[in-house]
Amino acid sequence: MREHPIRIYDTMTRRKRQFKPLNPPEVTMYVCGPTVYGEPHIGNLRTFTSGDLIRRWLTRRGYRVIYVMNITDIEDKTIRDSGAAGKTLREFTDHYTGVFLRGLDLLQIGRATAHPRATAYVPQMVEFISGLVEGGFAYEAEDGVYFDIDRFPGYGRLSGVDLSKTERTERVASDSYDKEDAQDFALWKKATPEELSRGIFFESPWGKGRPGWHIECSVMSRELLGETIDIHAGGEDLVFPHHENEVAQSESLTGKQFVRFWLHMRFLKVGGRRMGKSLGNYVSFDQILEKHSPEALRYFYISTQYRRPLDFTWQAMEAAENTVRRLGNTLDLVDDALRGPDDNLDYGEREDGLLKSVRAGEEAFGAAMDDDFDTPVALGHLHAVAGAINEYITGPANKGALAEAARVYRGMLGALGLFEERRGPDEAADRVMAAVLGLRDDLRKAKNYAFADMIRDRLTEAGVTIQDTAGGAAWRMSKG
RNA sequence: GCCGGGUUGGCUGAGCGGUUUAGGCGGCCGCCUGCAGAGCGGCUACACGGGGGUUCGAAUCCCUCGCCCGGCUCCA
């Protein structure tokens with residue numbers, strides 16, 4: 001296999017650097033996952049699609065990626081909203097965790113090697129915090145345990161935030177927490193009366209309470225991936241303070257570099273502004289699915305590089321839908337041609353031209369992806385390959401050459417997470433069968449059983465079995 | 001106020017000093033087709049926020065002004 005140096009933009013050093021994992025071919029990658037307190041919107045999903053894309057490409061380049069994405073199931077909002085909904089915290093977060101995972105599946109975002117929930121790692125967090133307190137990096141106060149940022153000289157390096165120049169916003173300056181410096185952050189929060197009454201607390205050396213937000217990623221990352229990990233990614237808003245705080249905690253405790261490459265995905269915008277629940281301008285995943293395929297959304301995401309802002313419009317979604325349909329048509333045309341007549345068994349100029357175009361496209365596609373996952377450029381080469389195949393198929397096809405071209409094309413699509421094997425029911429088949437079964441049902445109601453049975457028999461011959469149930473007829477493929 | 005990102009044709013999106021300046025979507029015209037669809041071929045958009053400068057030559061480098069967005073607070 002040839003060398004494929006991958007270059008990745010690292011937030012810490014503010015430049016692209018050649019990617020080298022600590023223990024090749026293994027790559028440890030951690031992506032900050034969602035807080036499960038509501039429906040995911042398409043802004044969240046952009047980040048996770050980018051993470052998936054990066055993982056796919058590293059895998060394709062021969063790395064063995066161990067991929068962790070946490071689920072934050074205990075923090076202010078999950079506690080507040082579960083209470084408002086009259087549910088236990090666990091019921092509430094389990095529900096939205098399920099909603100989130102379903103979204104990943106629909107978008108063909110591969111499940112992480114592990115999706116650890118914060119509540120499952122509290123003992124390890126307590127241990128971690130204890131270590132920080134013993135080391136003098138953290139102190140106990142009236143309402144919790146805080147990290148003392150004065151004890152970490154590198155604080156601010158990741159985000160470029162110089163705290164001495166930071167304007168004290170009203171909220172920070174006037175906050176009511178009992179900490180020594182307004183910039184110190186909570187590692188452990190002592191339980192409030194409401195939390196005590198609802199049973200939302202864990203035992204600790206500092207009494208009943210719960211972990212702060214930042215600590216979970218440091219702890220679960222260390223537990224599952226080790227003290228130094230290769231890649232840590234997340235939305236751009238997490239750079240400060242979340243990731244800055246993680247660095248401070250982790251490196252204070254271990255004395256080792258926490259993360260080798262920091263990746264941050266830019267926000268999805270709508271109408272030029274950040275999409276956010278509080279702004280009331282967010283578009284949910286379900287709203288997209290009412291009008292568009294998950295494939296189209298995925299294409300829309302990758303039409304821009306992950307580090308550039310992306311503006312959502314319905315017009316852009318339609319454009320993505322059209323484009324993705326054409327890419328899919330090529331797949332159908334290939335299938336048709338491979339099932340068609342064998343009227344070309346030769347390797348001539350057309351075949352040579354096809355394979356040369358396809359291979360050049362594959363090469364250029366890979367070079368673009370190696371360059372900080374530059375999907376818009378890669379898509380240009382994908383279209384070149386699709387075009388070469390479409391053009392070739394206008395004439396008689398040499399199935400060997402075509403199959404080779406199609407293999408490359410499918411490989412490119414797979415790298416982008418497009419047109420993989422579908423899970424669940426095939427929508428097209430479903431619609432056809434709904435029409436056929438509707439017709440048969442009409443016949444049965446008219447007591448024309450002979451014809452209805454004939455339909456059933458014919459479908460059986462075709463490998464589709466029919467079962468009448470109280471809720472209507474069901475169908476399934478009985479053989480491959 | 002401090003820090004960061006952006007500003008290219010109807011929309012999107014490459015380009016990072018100079019060959020014909022991608023690609024996609026849309027639109028238009030052909031071919032193919034019983035019709036439709038799919039596909040193919042061609043055309044359309046020669047645009048680079050404003051103003052200076054460097055250079056034989058700038059969307060690309062420098063200066064300056066403007067506008068948009070994000071972070072500095074829970075947030076993908």
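Residues numbered from 1 in each chain as written. Chains lettered and ligands numbered in written order. Predicted model: local features only at pLDDT ≥ 70, side-chain atom pairs only at ≥ 80, totals over all residues. Heavy atoms only, no water.

Asks: Run through the overall build of chain A, naming residues and quoting values.
Replies: Across its full length, chain A carries 16 helices and 15 strands. Dimensions along the principal axes, computed over C-alpha positions, put chain A at roughly 80 × 60 × 40 Å. Looking at chain A residue by residue over its 480 residues, the buried ones come to 48%. Excluding contacts between residues fewer than 6 apart, the proportion of contacts in chain A whose partners are at least 24 apart in sequence is 76%. Looking at chain A as shown, the accessible area adds up to about 23,300 Å², and 49% of this sits on carbon and sulfur atoms. (Helix = DSSP H or I, 4+ residues; strand = E, 2+ residues; numbered from the N terminus. Buried < 20%, exposed > 50% of the residue type's maximum accessible area, 1.4 Å probe, protein only. Contact = heavy atoms within 4.5 Å. Areas by Shrake-Rupley, 256 points an atom, 1.4 Å probe, with all protein chains shown as cover.)

Asks: So what's going on with helix α16 (residues 449–461)? Residues and values would help.
Replies: With 13 residues, α16 should reach 18 Å at 1.5 Å per residue; the first-to-last C-alpha distance of 18 Å fits that figure. Those residues of α16 lying buried are Ala452, Ile455 and Leu459. Along the axis of α16, the buried positions cluster into a sector of 55 degrees, meaning they face one direction only. Facing away from the buried surface of α16 by more than 90 degrees, the exposed residues are Ala450, Arg458 and Glu461. Directly after α16, the chain includes Gly463, whose backbone phi takes a positive value near 95 degrees. (Expected span 1.5 Å × (residues − 1). Arc of directions from axis to C-beta.)

Asks: Got a sec to walk through the pairing of strand β6 (residues 144–147)? Specific residues and values, please.
Replies: Across the two faces of β6 the burial is the same, with Gly144 and Tyr146 and Val145 and Phe147 all buried. Note that strand β5 (residues 138–140) and β6 share three bridges and pair antiparallel. When the bridges of β6 are listed, Glu140 appears paired with Val145. Hairpin connection from β5 to β6: three residues lie between these consecutive antiparallel strands. Where β6 meets strand β7 (residues 185–190), four bridges bridge the pair, whose relative direction is antiparallel. Directly across from Gly144, in β7, lies its bridge partner Lys189. (Pairing = 2+ DSSP bridges.)

Asks: Describe in detail the nonpolar core, supporting the description with residues and values.
Replies: Membership of the largest hydrophobic core comes to 83 residues, with the highest contact counts inside it found for Leu58, Phe312 and Ile389. For this core, the element with the most residues is helix α14 (residues 399–416), which contributes 10 residues. Filtering out sequence-adjacent residues up to four positions away, Ile389 remains in contact with Thr330, Val334, Leu354, Val358, Leu402, Ala405, Ala406 and Tyr409. (Core = buried A, V, L, I, M, F, W, Y, C linked by side-chain atoms within 4.5 Å.)

Asks: Would you mind going over the protein's contact with RNA strand B in detail, with residue names and values included?
Replies: Close to RNA strand B lie 45 residues; Trp213, Gly235, Leu238, Arg274 and Thr304 are nearest. In the interface set of RNA strand B, defined as its atoms within 4 Å of the protein, sugar plus phosphate atoms amount to 83%. Met275 is positioned such that a nitrogen or oxygen atom in its backbone is 2.9 Å from a base nitrogen of RNA strand B. At 2.9 Å, a side-chain N or O of Thr323 approaches a sugar or linking oxygen of RNA strand B. (Near = heavy atom within 4 Å. Polar contact = N/O pair within 3.5 Å; in protein donor to acceptor, adjacent residues only side chain to side chain.)

Asks: Tell me about the confidence of the model for chain A, and please be specific about residues and values.
Replies: With 92% of its residues at a pLDDT of at least 70, chain A reaches an overall mean of 90. Residue range residues 166–175 is modelled with pLDDT below 50. Its contacts to residues more than four positions away, or to other chains, number eight contacts. (pLDDT = per-residue confidence, 0-100.)

Asks: Quick rundown of the sheet that holds strand β4 (residues 64–69)? Include the residues and the values.
Replies: Within the open sheet, the four strands sit side by side as β4-β3-β9-β10. Their pairing is parallel. For this open sheet the edge positions go to β4 and β10 (259–265), each flanked by a neighbour on one side alone. Strand-to-strand twist of the sheet, defined as the mean angle between neighbouring strand axes without regard to direction, takes the value 20 degrees. The sheet contact formed by strand β9 (residues 229–235) and β10 spans six bridges and is parallel. Residue Gly234 lies in a different strand from β10, and its bridge partner there is His264. Against the sheet, helix α7 (residues 213–225) makes contact with β3 (26–31), β4 and β9, and its axis sits at roughly 160 degrees relative to β3, the strand it touches most. (Axes fitted to C-alpha atoms, helices over the stretch in contact; angles between N-to-C directions.)

Asks: Tell me about the pairing of strand β2 (residues 15–18), and name the residues and values.
Replies: Sheet topology places strand β1 (residues 7–10) next to β2; four bridges connect them, and they run antiparallel. Residue pairing in the sheet places Tyr9 in a bridge with Lys16 of β2. As consecutive antiparallel partners, β1 and β2 are separated by four residues, and within that stretch Arg14 has a phi angle of approximately 60 degrees, a positive value.

Asks: Let's hear about the environment of Phe258: which residues, and what values?
Replies: Summarising the element assignment, Phe258 is placed in the loop between α8 (239–254) and β10. For the pair Phe258 and Leu310, spaced 52 residues apart in the sequence, the C-alpha separation amounts to 30 Å. The contacts of Phe258, once residues within four sequence positions are left out, are Ser218, Ser221, Glu227, Thr228, Ile229, His232, Glu246, Val247, Ser250 and Glu251.

Asks: So what's going on with the packing of aromatic side chains? Which residues, and what values?
Replies: In the structure shown here, the tally under the stated rule is 14 aromatic pairs. Taking 5.3 Å as the distance between ring centres and 80 degrees as the angle between the ring planes, the aromatic pair formed by Phe48 and Phe100 counts as edge-to-face. Residue Phe48 is found in helix α1 (residues 42–60), and its partner Phe100 is found in helix α3 (residues 89–106); the two are separated by 52 residues along the sequence. You can call Phe100 buried: its relative accessible area is 3%. Note on Phe92 and Tyr96: the rings are 5.2 Å apart at their centroids and 65 degrees apart in plane angle, and the pair reads as edge-to-face. Of this pair, Phe92 and Tyr96 both sit in helix α3, four residues apart, roughly one helical turn. For the residue pair Phe92 and Tyr96, the accessibility class agrees, reading buried in each case. In textbook terms, an aromatic cluster arises when at least three aromatic residues are bridged by ring pairs, as seen for Phe300, Tyr301, Phe312 and Trp314. (Phe/Tyr/Trp six-rings, centres within 6.5 Å; stacked < 30°, edge-to-face > 60°.)

Asks: How would you sum up the packing of helix α12 (residues 349–370) against helix α13 (residues 375–393)? Please name residues and give values.
Replies: The contact between α12 and α13 brings their axes to 8 Å, and the two run at 170 degrees. Judged on the interaxial angle alone, α13 and α12 are roughly antiparallel. Residues Arg350, Glu351, Leu354, Ser357, Val358, Gly361, Glu362, Ala364, Phe365, Ala368 and Met369 of α12 pack against Thr375, Val377, Ala378, His381, Leu382, Val385, Ala388, Ile389 and Tyr392 of α13. The class makeup of the residues in the contact of α12 with α13 is 13 nonpolar, four polar and three charged. (Parallel < 35°, antiparallel > 145°, perpendicular 65-115°, else oblique. Nonpolar A, V, L, I, M, F, W, Y, C, P; charged D, E, K, R; others polar.)

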